[in-house]
Amino acid sequence: MERISVFDMLKIGIGPSSSHTLGPWRAALAFCDELKQAGVFDQTDRLLVQLYGSLSLTGEGHGTNIAIVMGLSGTDPVHVDLKKIQSIPETIKTDKILKLAGEKQVSFDYKSDIQFHNDQFLPFHSNGMRISSLTDKGEILYEATYYSIGGGFFIKEDTGNDTNKALVELPFPIDSAEDLLRYSNEHGLGIAEIVASNEAVWRSAEATELELMKIWDVMLESIYNGCHTEGELPGGLGVKRRSSEIYKKLNVNRLIYSNKEEWIKAISKERPDFQALVKWISAFAMAVNEENANFGRIVTSPTNGSAGVIPSVLAYLLAFCGREGDQQAISKFLMTAAEIGSIFKKGATISAAMGGCQAEIGVSSAMAAAALTEALGGSPEQSLMAAEIAMEHHLGLTCDPVAGLVQVPCIERNSMGAMKAITAANLALESDPKDAKVSLDKVVNTMFETAKDMHIKYKETSQGGLAAQLATQISEC
């Protein structure tokens, strides 16, 4: 199977969706490179983008059209100025010109050159897209079909391989939880230590640590921004930001800080009761996904729609479990979370368009549960048990985004996933894994079987569940 780095599972990107925004964005960037490799970049006069299946049905709500023109324009989702996410598409709409890869002007009509095929699903995956390079006479110079398979990953049709990662040989190749546990028992290593050994194949330990701190920095930034921003989210649903209101009601006027680092340190001195603690965790989780819904910069973990779970549980660890400022705890947490996520990606899916929301919130909750258990001193067996418990109680969860936006019920689900992760970790830490009846590998398999049995309308199409119930109400608005 493919070898997945921590930084494949935890990617810095732009909201609101990893499969509908980040994946298509990165595929469009790849298309620009392929045009140059094929020797037709300079001959390209026009572009045509065609979206299929779930990528079409919820594409506008998820910002797929915006993401693709940003990618075709040569911008990088990791570093792009967030203001350009609005200005570049607006300029293209007005001028009907796209600067391909930021280098060459080509004709592009935003309305007619992005086509939505709502009733057509390409064979491999429901998130299909095709981009064509054309002459001014409409002749096809080059054409490529991509599938956005969740978490910002994409594959190209003619290769069938993930285009994001080259194959490497790792000291501990892991395809299942059984593999992970076997290495742990044979070598006496914790989960994070095993992951660190694998990461050393890609980069030095110092470089890995630096990148992990960058990941946490973006996570904390999204929590901080969300908790300090009021107003209404874009998209037309009129969804009000709530994380800042929850935060204000926690009597935070006594906290003294001038930046996000001072903020989390000040919070760590709080001694909240249970009710207040739940509100803190909910505020953390919802803050991230409110930023995500606002086309903000977040960490795909493992997806954008579920990006609030891991940061909020990590913030809980640092602020309320006595680990404030503990970089080792942050590293251990993130590496463990990423490894659990990769097991789900290899054994099932992390795409809601393939598996419903169990593949997003369920997986992120399992990742956070295992990571929290590891960071609090649990054994590898207990960490895997925590991941299993968290996923077990998300099985069958559908993806039904109202109006195709990653807002209702997505934002609230992140707070629920975070609380389930913490509960699962606590249960595992107080349990003997030898008594467990269900293994993590069994629940991964079960999730995938459930995904295959789930009706397509519950897989990020906005045609079932809450989206269908509220469709009339939304159309009237």
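Let me begin by describing the structure that accompanies this report. (Residues numbered from 1 in each chain as written. Predicted model: local features only at pLDDT ≥ 70, side-chain atom pairs only at ≥ 80, totals over all residues. Heavy atoms only, no water.)

A short note on the overall build of the protein chain
The secondary structure content of the protein chain amounts to 21 helices and nine strands. Rg of the C-alpha trace for the protein chain: 22 Å, near the compact-globule value of 23 Å for 477 residues, within the 12% margin. Projecting the C-alpha coordinates of the protein chain onto the three principal axes gives extents of approximately 70 × 50 × 45 Å. Split into buried and exposed, the 477 residues of the protein chain put 59% on the buried side. The long-range fraction of contacts in the protein chain, counting pairs at least 24 apart against all pairs at least 6 apart in sequence, stands at 75%. If you sum the accessible surface of the protein chain, you get close to 19000 Å²; carbon and sulfur atoms cover 49% of it. (Helix = DSSP H or I, 4+ residues; strand = E, 2+ residues; numbered from the N terminus. Rg over C-alpha atoms; globule rule 2.2 N^0.38 Å. Buried < 20%, exposed > 50% of the residue type's maximum accessible area, 1.4 Å probe, protein only. Contact = heavy atoms within 4.5 Å. Areas by Shrake-Rupley, 256 points an atom, 1.4 Å probe, with all protein chains shown as cover.)

Let's talk about the nonpolar core
Phe333, Leu334 and Phe344 are the most contacted members of the largest nonpolar core, which has 104 residues in total. Filtering out sequence-adjacent residues up to four positions away, Leu334 remains in contact with Val6, Leu10, Leu212, Ile215, Trp216, Met219, Ile310 and Leu314. In this structure, Trp25, Cys32, Ile92 and Ala144 belong to the second largest nonpolar core, which totals 37 residues. (Core = buried A, V, L, I, M, F, W, Y, C linked by side-chain atoms within 4.5 Å.)

Description of the pairing of strand β3 (residues 97-100)
Successive residues of a regular strand alternate their side chains across the two faces of the sheet. Judged by which residues are buried, β3 turns out to be one-sided: Leu98 and Leu100 face inward and are buried, whereas Ile97 and Lys99, on the alternate face, are not. Of the strand pairs in this sheet, β3 and strand β4 (residues 104-107) are connected by four bridges, and their pairing is antiparallel. Paired with Leu100 across the strands is Lys104, a residue of β4. Between β3 and β4, which pair antiparallel and follow one another directly, the connecting turn spans three residues, one of which, Ala101, has a positive phi of 55°. (Pairing = 2+ DSSP bridges.)

Topic: the pattern of salt bridges
In the structure shown here, the tally under the stated rule is 19 salt bridges. Taking the shortest distance from any N to any O, the salt bridge between Lys260 and Asp217 comes out at 3.2 Å. Of this pair, Lys260 sits in helix α11 (residues 260-267) while Asp217 sits in helix α9 (residues 205-227), placing them 43 residues apart in sequence. We classify Asp217 as partly exposed; its relative accessible area is 33%. One continuous salt-bridge network, built from bridges that share partners, spans Asp217, Glu221, Lys260 and Glu261. (Salt bridge = Lys/Arg side-chain N within 4 Å of Asp/Glu carboxyl O.)

Details of the packing of aromatic side chains
The description of an aromatic ring pair rests on the distance of the ring centres and on the angle between the ring planes. If you walk through the whole model with that rule in mind, you get eleven aromatic pairs. Measuring from ring centre to ring centre gives 6.0 Å for Tyr146 and Phe154, while their planes differ by 80°; the resulting arrangement is edge-to-face. Judged by its relative accessible area of 0%, Tyr146 falls in the buried class. Stacked on the ring of Phe41, the Lys or Arg Lys36 has its end atom at 5.1 Å from the ring centre. (Phe/Tyr/Trp six-rings, centres within 6.5 Å; stacked < 30°, edge-to-face > 60°. Lys NZ or Arg CZ within 6 Å of the ring centre and 35° of its normal.)

Let's talk about the packing of helix α5 (residues 64-72) against helix α6 (residues 84-95)
Between α5 and α6, whose axes approach to 10 Å, the crossing angle comes to 85°. Taken together, the axes of α5 and α6 are roughly perpendicular relative to one another. Residues Ile66, Val69 and Met70 of α5 form the contact with α6, whose own contacting residues are Lys84, Ile85, Ile88, Pro89 and Ile92. Looking at the contact of α5 with α6 residue by residue, the class counts come to seven nonpolar, no polar and one charged. (Axes fitted to C-alpha atoms, helices over the stretch in contact; angles between N-to-C directions. Parallel < 35°, antiparallel > 145°, perpendicular 65-115°, else oblique. Nonpolar A, V, L, I, M, F, W, Y, C, P; charged D, E, K, R; others polar.)

Quick word on α11
Taken as a whole, α11 has its buried residues at Lys260, Trp263, Ile264, Ala266 and Ile267. In an axial view of α11, the angular spread of the buried residues amounts to 160°, which keeps them on one side of the axis. For α11, the elements touching its buried residues are α9, α10 (243-248), α12 (274-293) and α13 (309-320). Where α11 begins, the capping side chain belongs to Asn259, and its oxygen is found 3.1 Å from the backbone nitrogen of Glu261. (Arc of directions from axis to C-beta. Polar contact = N/O pair within 3.5 Å; in protein donor to acceptor, adjacent residues only side chain to side chain.)

Quick word on the state of the cysteines
One covalent bond between the sulfur atoms of two cysteine residues makes up a disulfide. Taken as a whole, this structure holds zero disulfides when the rule is applied. With no disulfide of its own, Cys227 lies 17 Å from the sulfur of Cys321, the closest cysteine sulfur. Between Cys399, a free cysteine, and Cys357, which holds the nearest cysteine sulfur, the sulfur-to-sulfur gap is 5.6 Å. Given the relative accessible area of 9%, Cys399 is considered buried. (Disulfide = S-S within 2.5 Å.)

Points about unusual backbone geometry
Negative phi characterises most residues that are not glycine, and trans characterises most peptide bonds. For the peptide bond that leads from Ser301 to Pro302, omega is 0°, which places it in the cis range. Assignment of secondary structure puts Pro302 in the loop between β9 (297-300) and α13. Of the consecutive residues Val408 and Pro409, the connecting peptide bond is found in the cis state with omega at 5°. With respect to the helices and strands, Pro409 occurs in the loop between α17 (380-392) and α18 (410-429).

Points about the packing of α9 against α11
Relative placement of two packed helices is described by the angle separating their axes and the distance separating the axes. As a packed pair, α9 and α11 sit with axes 10 Å apart at the nearest point and diverge in direction by 80°. As judged from the angle between their axes, α9 and α11 are roughly perpendicular. Listed contacts from α11 to Asp217, Leu220, Glu221, Ile223, Tyr224 and Cys227 of α9 are Lys260, Glu261, Trp263 and Ile264. The class makeup of the residues in the contact of α9 with α11 is six nonpolar, no polar and four charged.

Things to note about the side chain of His20
Checked against the element boundaries, His20 lands in helix α2 (residues 18-37). For His20, a relative accessible area of 0% corresponds to the buried category. A polar atom in the side chain of His20 sits 3.5 Å from the side chain of Asn127. Only 3.4 Å separates the side chain of His20 from the side chain of Glu460, close enough to count as a polar contact. Ignoring any residue separated from it by four or fewer positions in sequence, one finds His20 in contact with Ser54, Leu55, Thr58, His62, Gly63, Thr64, Asn127 and Glu460.

With respect to the environment of Glu139
With respect to the helices, strands and loops of the structure, Glu139 is situated in the loop between β6 (127-134) and β7 (140-150). Classification of Glu139 as partly exposed rests on a relative accessible area of 49%. A C-alpha to C-alpha distance of 23 Å links Glu139 and Gly102, two positions 37 residues apart in sequence. Excluding residues that lie within four positions of it along the chain, Glu139 makes contacts with Ser133 and Leu134.

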